[in-house]
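# Residue-level structure breakdown
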Amino acid sequence: MSKQAQFMDVSTYRRALDTSFVHRYSHGEDEWSWDIGMAKAARVFLEALGPTPDQHILDVGVGRARDASEFILAGHRVTGLDIVENSSWPLLRKRWGERLSLVCSALQDWQPPAGEVFDGVLDNGCFHHQHPDEWSRYLANIRQYARPGALIGLNVFGVDASNPEPGWREMDNQRQGYFFTEQGVRDTLEAFGFTWQDLVVIERQHGEAVYLLALVRT
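Where an unreviewed UniProt entry is consulted, the protein chain appears under the name Methyltransferase domain-containing protein, with the organism given as Pseudomonas orientalis.

## Thoughts on the overall build of the protein chain
A count of helices and strands for the protein chain gives 6 helices and 9 strands. Against the compact-globule benchmark of 17 Å for 218 residues, the protein chain has a radius of gyration of 16 Å, which places it among compact chains. Principal-axis analysis of the C-alpha atoms gives the protein chain an extent of 45 × 40 × 35 Å. Burial status across the protein chain gives 53% buried among its 218 residues. Distance between charge centres in the protein chain, computed from 21 positive and 30 negative side chains, equals 4 Å.

## A closer look at the pairing of strand 5 (residues 146-158)
Of all 13 residues in strand 5, 10 are buried; the element is thus mostly enclosed. Pairing analysis gives 6 bridges linking strand 4 (residues 118-124) to strand 5, with the strands arranged parallel. Looking at strand 5, one finds that Asn124 is bridged to Asn155. Judged from the 8 bridges that link them, strand 5 and strand 9 (residues 210-217) form a sheet pairing that is antiparallel. Bridge pairing in strand 9 places Gly158 opposite Val210. Both strand 5 and strand 7 (residues 176-180) contribute to a ladder of 2 bridges, which runs parallel. The partner of Gly158 across the bridge, within strand 7, is Phe180.

## Digging into unusual backbone geometry
Backbone geometry places Asp54, a non-glycine residue, at a positive phi of 55 degrees. Relative to the helices and strands, Asp54 is located in the loop between helix 2 (36-49) and strand 1 (56-60). The backbone phi angle of Gln174 is positive, close to 75 degrees, even though this residue is not glycine. Tracing the backbone shows Gln174 in the loop between strand 6 (167-170) and strand 7.

## Considerations on the side chain of Gln55
Among the structural elements, Gln55 can be located in the loop between helix 2 and strand 1. At 3.5 Å, the side chain of Gln55 and the backbone oxygen of Leu49 are in polar contact. Each residue touching Gln55, except ones within four places of it in the same chain, is listed here: Leu49, Gly50, His76, Arg77, Asp119 and Arg147.

## With respect to the nonpolar core
In this structure, Leu58, Leu100, Val185 and Leu189 are the most contacted members of the largest nonpolar core, which totals 65 residues. When neighbours within four sequence positions are excluded, Leu100 is seen to be in contact with Ala65, Ala68, Ile72, Val78 and Leu92.

## Quick word on the packing of aromatic side chains
Tallying each qualifying case throughout the model produces 15 aromatic pairs. A centroid spacing of 6.0 Å and a plane angle of 50 degrees characterise the contact between Trp135 and Trp168, whose relative ring orientation is tilted. With Trp135 in helix 5 (residues 135-145) and Trp168 in strand 6, this pair connects stretches of sequence that are 33 residues apart. Comparing Trp135 with Trp168, the two get one shared label, buried. An aromatic cluster is defined as three or more aromatic residues linked by ring pairs; in this entry it consists of Phe127, Trp135, Tyr138, Trp168, Tyr178 and Phe180. The lysine or arginine in question, Arg143, covers the ring of Phe194, its NZ or CZ lying 5.9 Å from the ring centre.

What counts and what doesn't
- Numbering of residues starts from 1 in every chain and runs along the sequence as written.
- Confidence filtering applies because this is a predicted model: local features only for residues at pLDDT of at least 70, side-chain atom pairs given and counted only at 80 or more, and all residues used for totals across whole chains, interfaces and linings.
- Based on all heavy atoms of the structure, the side-chain values leave hydrogens and waters out of the count.
- Helix and strand assignments follow DSSP, with helices taken as H or I runs no shorter than four residues and strands as E runs no shorter than two, numbered in order from the N terminus.
- Taken over C-alpha atoms, the radius of gyration is set against a globule rule of 2.2 Å times the number of residues to the power 0.38.
- Categorising residues by exposure relies on relative accessible area from a 1.4 Å probe, with only protein chains included: less than 20% of the type maximum marks a residue as buried, more than 50% marks it as exposed, and the intermediate range marks it as partly exposed.
- Asp and Glu count as negative and Lys and Arg as positive, but His and the ends of the chain are not part of the count.
- By convention, the charge on Lys lies at NZ, on Arg at CZ, on Asp at CG and on Glu at CD.
- Strands are treated as partners if at least two bridges between them are detected by DSSP.
- Under the rule applied, a polar contact is a pair of N or O atoms within 3.5 Å (in protein, one hydrogen donor and one hydrogen acceptor; residues adjacent in sequence only if both atoms are side-chain atoms).
- Contact criterion: two residues are considered in contact whenever any of their non-hydrogen atoms come within 4.5 Å of each other.
- The criterion is simple. A nonpolar core is a set of buried Ala, Val, Leu, Ile, Met, Phe, Trp, Tyr and Cys residues joined through side-chain atoms within 4.5 Å.
- Only the six-membered ring of Trp is used, alongside the rings of Phe and Tyr, when aromatic pairs are assigned; centres must lie within 6.5 Å, and planes under 30 degrees apart are stacked while those over 60 apart are edge-to-face, with the rest tilted.
- The rule is short: NZ of Lys or CZ of Arg within 6 Å of the ring centre and within 35 degrees of the ring normal puts a charge over the ring.

Shown next, in the form of structure tokens:
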């Protein structure tokens, strides 16, 4: 799809996302849960977060909590959001107790408990699936929920040999994915008021495909 692709309306697209992710989790097709590039992105984010213990991290798109579990083992607390709950959540709650809070909600709809702010926010592969009409609200909520100076990591699809032009690509079950250039993701985040820190190019497990991990601060 091109950058000018016509999206369905927001509510219809949200339902399509819900249906897609429920299907993928229930059929064991959630390849992102073991994607080596996404795992690397979480480790890079954790290293950039620094040595301060017991930081509170918001994990957007927590899934099966691969990243969240790594953060907890490093001594941090995690609130994990996802638009669908999967079968691993009861065991995760039992395993991690108060160190992990799991919430079934879209970031755009969620409000943290009063007074709660986060020391870091990682979105490891969700932002690039959001309806373009929700980008502003999505990024505004990340800024709102993070303390001043907090580390924000957004890991997105990067252009590659198969998708050389930035823009939308049609994916399974009516999902869409936006592929960014390095300058494009920087321009997008700076336009929403984030302070640029770094960008890390990470190989995906599919051919020459890459992720772009943008590290910014509030």
